[in-house]
Amino acid sequence: MDSSTLQDLLQSTGIRQVRYLASTGSTNTDALAWLAEGVEDFSVIASDEQTSGRGRFDRKWVTNPGVALAFTVIIHPRESEMPYIHLFSPLAGIAVADGLGQALGVRPQIKWPNDVLIDRKKVCGILSETSWNGSRIDGIVIGIGINVLVESKPPAEMVSFPVTCLQDHFQGTIDRWQVLADILQQMNSWREKLGRPEFFQFWQENLAFAGEEVEIQGALGAEVTGRLTGIDPSGELLIETEAGEVSVQVGDVHLRLRG
Ligand code: BTN
């Protein structure tokens, strides 16, 4: 793969600029640097290997060569999207779930706010980072890592949640770059529905653990336990607790099944 071949392959997805690196530290770090240099809205940087990939909560994300997808989409939010800025990360989860569903016939689910699961195991992680220019948002980089072949699955001691890969759920050969194209196509199309009823409806219909007992741990350690009932029209997670219904904002929170 190289940048110009990938650019050709992604032509119909609406993507603007494309960079491909055989190996890099982290495509999110590269994307933040590209943003500072100047890059068009809806551009992508992808790499075959990451040597210091980053996950949420300062965790590491391993991307071994040739077996996974690791890419970062750069967004310059439009003025009309500013009220929905917190929904860009869920947008990526929705696009991955829809893209994988259509490309491979699997039925992914979204573990709120945006991990993507197949068969209750994590196949995709998403790390969004916002770049500020004073009090204005300069851009958002949305990093997406997908386990494709069996060799992409991290060892059990490195993960806190069961993991899977696309190959575990699909018999044929998987063309990683076509999967990337399908996801970017979906991202472009779902972006037009950001914050609309159909956006929340897809999210809600594909929400993992609906009706089950869960625990939510916030960044400051606050914990909510109860039955996951759904998401509200602003994307907050609804939990039925002993004290009544509680809503949890999209942010740095862990969601776990109880027991
Ligand atoms: C998580 O589940 O903790 C989020 C993982 C995000 C990994 C992706 S891979 C592409 C991009 N580059 C990074 O360094 N991280 C994201």
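Residues numbered from 1 in each chain as written. Predicted model: local features only at pLDDT ≥ 70, side-chain atom pairs only at ≥ 80, totals over all residues. Heavy atoms only, no water.

Enquirer: Looking at this structure, how should I read the packing of helix 3 (residues 88-104) against helix 4 (residues 176-191)?
Expert: Two measures define how a pair of helices packs: the angle their axes make with one another and the distance between the axes. At a minimum axis distance of 8 Å, the contact between helix 3 and helix 4 shows a crossing angle of 130°. Between helix 3 and helix 4, the angle falls in the class oblique. Between helix 3 and helix 4 lies a crossing of right-handed hand. Mapping the contact onto sequence places Phe88, Leu91, Ala92, Ile94, Ala95, Val96, Asp98, Gly99, Leu100, Gln102 and Ala103 in helix 3 and Val179, Asp182, Ile183, Gln186, Met187, Trp190 and Arg191 in helix 4. Broken down by class, the residue content of the contact of helix 3 with helix 4 amounts to 12 nonpolar, three polar and three charged. (Axes fitted to C-alpha atoms, helices over the stretch in contact; angles between N-to-C directions. Helix = DSSP H or I, 4+ residues; strand = E, 2+ residues; numbered from the N terminus. Parallel < 35°, antiparallel > 145°, perpendicular 65-115°, else oblique. Left-handed = near helix turned anticlockwise from the far one by under 90°. Contact = heavy atoms within 4.5 Å. Nonpolar A, V, L, I, M, F, W, Y, C, P; charged D, E, K, R; others polar.)

Enquirer: Explain the sheet that holds strand 5 (residues 68-75) here, please?
Expert: Where strands meet in a sheet, backbone hydrogen bonds hold them as pairs that are either parallel or antiparallel. The strand order 1-2-5-9-8-7-6 describes an open sheet built from seven strands, whose pairing is mixed. The sheet terminates laterally at strand 1 (18-21) and strand 6 (109-111), the two strands that pair on one side only. With strand direction ignored, the average angle separating the axes of adjacent strands in the sheet is 20°. Most of the contacts of helix 4 go to strand 5, to which it runs at about 30°, and overall it touches strand 1, strand 2 (43-47), strand 5 and strand 9 (136-147). (Pairing = 2+ DSSP bridges.)

Enquirer: Please clarify how the site of the ligand should be interpreted in this entry.
Expert: Looking at the ligand, there are 20 residues lining it, with Ser26, Gln50, Arg54, Arg56 and Lys122 nearest. One of the side-chain nitrogen or oxygen atoms of Ser26 is found 2.7 Å away from an oxygen atom of the ligand. Within the contact set of the ligand, a nitrogen atom lies 2.7 Å away from a backbone nitrogen or oxygen of Arg54. Looking at the shell around the ligand, the elements that each hand over two or more residues are helix 2 (27-37), strand 3 (50-54), strand 5, strand 8 (121-133) and strand 9. (Near = heavy atom within 4 Å. Polar contact = N/O pair within 3.5 Å; in protein donor to acceptor, adjacent residues only side chain to side chain.)

Enquirer: In this structure, what is going on with the side chain of Gln186? I would like to understand it.
Expert: Tracing the sequence through the fold places Gln186 in helix 4. Those residues in contact with Gln186 that sit more than four places away from it in its chain are Ala95, Asp98, Gly99 and Gln102.

Enquirer: Whenever I open this one, the pairing of strand 2 confuses me. Can you help?
Expert: Working note: regular strand, side chains alternate between the two faces of the sheet. In terms of burial, strand 2 is largely enclosed, as five of its five residues are buried. Side-chain alternation along strand 2 places Ser43, Ile45 and Ser47 on one buried face and Val44 and Ala46 on a second face that is also buried. Where strand 1 meets strand 2, four bridges bridge the pair, whose relative direction is parallel. Paired with Leu21 across the bridge in strand 2 is Ser47. Between strand 1 and its parallel partner strand 2, the chain crosses via helix 2, and the hand of that crossover is right-handed. Pairing between strand 2 and strand 5: five bridges, direction antiparallel. By the bridge assignment for strand 5, Ser47 is matched with Ala70. (Buried < 20%, exposed > 50% of the residue type's maximum accessible area, 1.4 Å probe, protein only. Right-handed = clockwise from strand over helix to strand, strands pointing away.)

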